[in-house]
Amino acid sequence: MSTASSSPVASAPLAVRPVRGRADTAAFAALPRTLHRGDPYRLPPAKGDQRALIDRRRNPFFEVGTAELFLARRGRKPVGRIAAAVDSRYQALHDARGGLFGLFECADDPEAAAALFDAAAGWLRERGLETMLGPLGFSVHDECGVLVEGFDGPPTVMMPYNPAYYPALYTACGLTKAKDLLSWRVPVPPGGEPPGPAARAARWAADAPDVRLRHLDPCRLEADLAVVRDIYADAWSGNYASVPMTGREFSHAMDRLRPLVRPELVWFAEVRGEPVAFTFWLPDVNQALHATRDTPPGRSLGRPLGRLRTARAVRRVDRARVILTGVRAAHRARGLTAALLAEAQRSAFRLGCAESEFSWLLEDNRDANRYAQAFGGVLHRRHRLYRRDLAPRPAAAASSTLSPAPLPTAVPAPAAPHVPGVRR
């Protein structure tokens, strides 16, 4: 489909079409890097990773779902992209008439953005769907959400980042808030010991006679990762927009994470010898990537000087990200989350970390956000999932705007914050 441009941003004609052939695929994969080259905080994904994400033979999502990719061009220049997706698991568990969208990237060009969202909506509407939710890579197991507050620095590892004009593009195109995802900056105090209420909760849980805490065993890495998968499936069942991962999806995700894993940052809780909870932290390698971002393409890891710069930068990483924490439903009242976070934080201190990030936490996940507060966290970023009804949009919707509520620069800790699972 195509439209003639009347946008003041550009005078070249606009065309939005499905991705077909090698040239379109290459342009779709390369767009984040070329579009945001001047952004001082953006860490664009490697083109190889982008190609693997959209490759129907390599990405296991396409064994359970289907998708269409769209590319917007002004003249011959790519200016935007989007993916529309259908996941039968999401429909079975959450919204029988719901579709998904993701991989949105666009210049500050409202006409191009509107045409891209309309293309995704039209493709889903043709399949009988009535709503769309996103942005998601292809599911909640990929990068999720639009950064709407907290543009003051580069993202942590595996967290999305986008220009500050994106939220206005979304709302102008008729999308409304579905759910916010919160990120908390948590200082690592001397010794890694958490503040009083969190420390008491951790001790109470860890001192139970049938509880044993241990970190990941490198000699049984595959077995421990299988434990993560089993607990993850139980802990996330029923969560907002969550779908069960297939075996191939989990293996694919772990293959990407394995080079980053530090055994000291992955902790398990066992009750009577059975693993029932875990927390999974990663060193924030984005700090190293940001330090070497000006190295010419292909040299950051492939040439001696680039390798040296990267190795030095990795040694200076002083932040970790809590990417997953899960407890089996039957054991959520035991306070195991506090005990696991405390052990991982002590390990992070020994590895030289000055802070961690707890992200992304659903805004209505009261327990998770209370833990972040109890560990001294300050709310510093907000990502947003958006929803759009697929009925034809009224013309007035195209000009509507919404302003997100301001994000506090600090969250005052209550005198005695409630920590879930603590015996009062």
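Now for a look at the structure at hand. All values reported here derive from a predicted model rather than from experimental measurement.

1. A closer look at the overall build of the chain
- Secondary structure assignment for the chain yields twelve helices and 14 strands.
- Restricting to contacts in the chain with at least 6 residues of sequence separation, those with at least 24 account for 78%.
- Split by element, the accessible area of the chain, about 19300 Å² in all, is 54% carbon and sulfur.

2. Focus: helix 6 (residues 196-206)
- The set of residues buried in helix 6 consists of Pro197, Ala198, Ala199, Ala201, Ala202 and Ala205.
- Looking at the buried side of helix 6, the elements it contacts are strand 9 (211-215), helix 11 (336-350) and helix 12 (366-374).

3. Examining the packing of helix 6 against helix 11
- Interhelical geometry of helix 6 versus helix 11 gives an angle of 110° and a closest axis separation of 7 Å. Accordingly, the angle class assigned to the pair helix 6 and helix 11 is roughly perpendicular. Of the residues in helix 11, those touching helix 6 at Ala198, Ala201, Ala202, Ala205 and Ala206 are Leu336, Ala338, Ala339 and Ala342.
- Residues of the contact of helix 6 with helix 11, tallied by class, amount to nine nonpolar, no polar and no charged.

4. Some points on the packing of aromatic side chains
- Within the structure shown, the criterion is met by 16 aromatic pairs.
- Ring geometry for Phe61 against Phe62: centres 5.4 Å apart, planes inclined by 75°, an arrangement best described as edge-to-face.
- On the basis of relative accessibility, which here comes to 3%, the residue Phe61 falls in the buried class.
- Owing to a relative accessible area of 15%, Phe62 belongs among the buried residues under this scheme.
- Considering the side-chain rings of Tyr232 and Trp236, the 4.5 Å spacing of their centres and the 35° angle between planes classify their relative orientation as tilted. Side by side, Tyr232 and Trp236 carry an identical accessibility label, which is buried.
- Its guanidinium or amino end placed over the ring of Tyr240, Lys179 lies 4.7 Å from that ring's centre, counting from NZ or CZ.

Criteria and thresholds
Residues numbered from 1 in each chain as written. Predicted model: local features only at pLDDT ≥ 70, side-chain atom pairs only at ≥ 80, totals over all residues. Heavy atoms only, no water. Helix = DSSP H or I, 4+ residues; strand = E, 2+ residues; numbered from the N terminus. Contact = heavy atoms within 4.5 Å. Areas by Shrake-Rupley, 256 points an atom, 1.4 Å probe, with all protein chains shown as cover. Buried < 20%, exposed > 50% of the residue type's maximum accessible area, 1.4 Å probe, protein only. Axes fitted to C-alpha atoms, helices over the stretch in contact; angles between N-to-C directions. Parallel < 35°, antiparallel > 145°, perpendicular 65-115°, else oblique. Nonpolar A, V, L, I, M, F, W, Y, C, P; charged D, E, K, R; others polar. Phe/Tyr/Trp six-rings, centres within 6.5 Å; stacked < 30°, edge-to-face > 60°. Lys NZ or Arg CZ within 6 Å of the ring centre and 35° of its normal.

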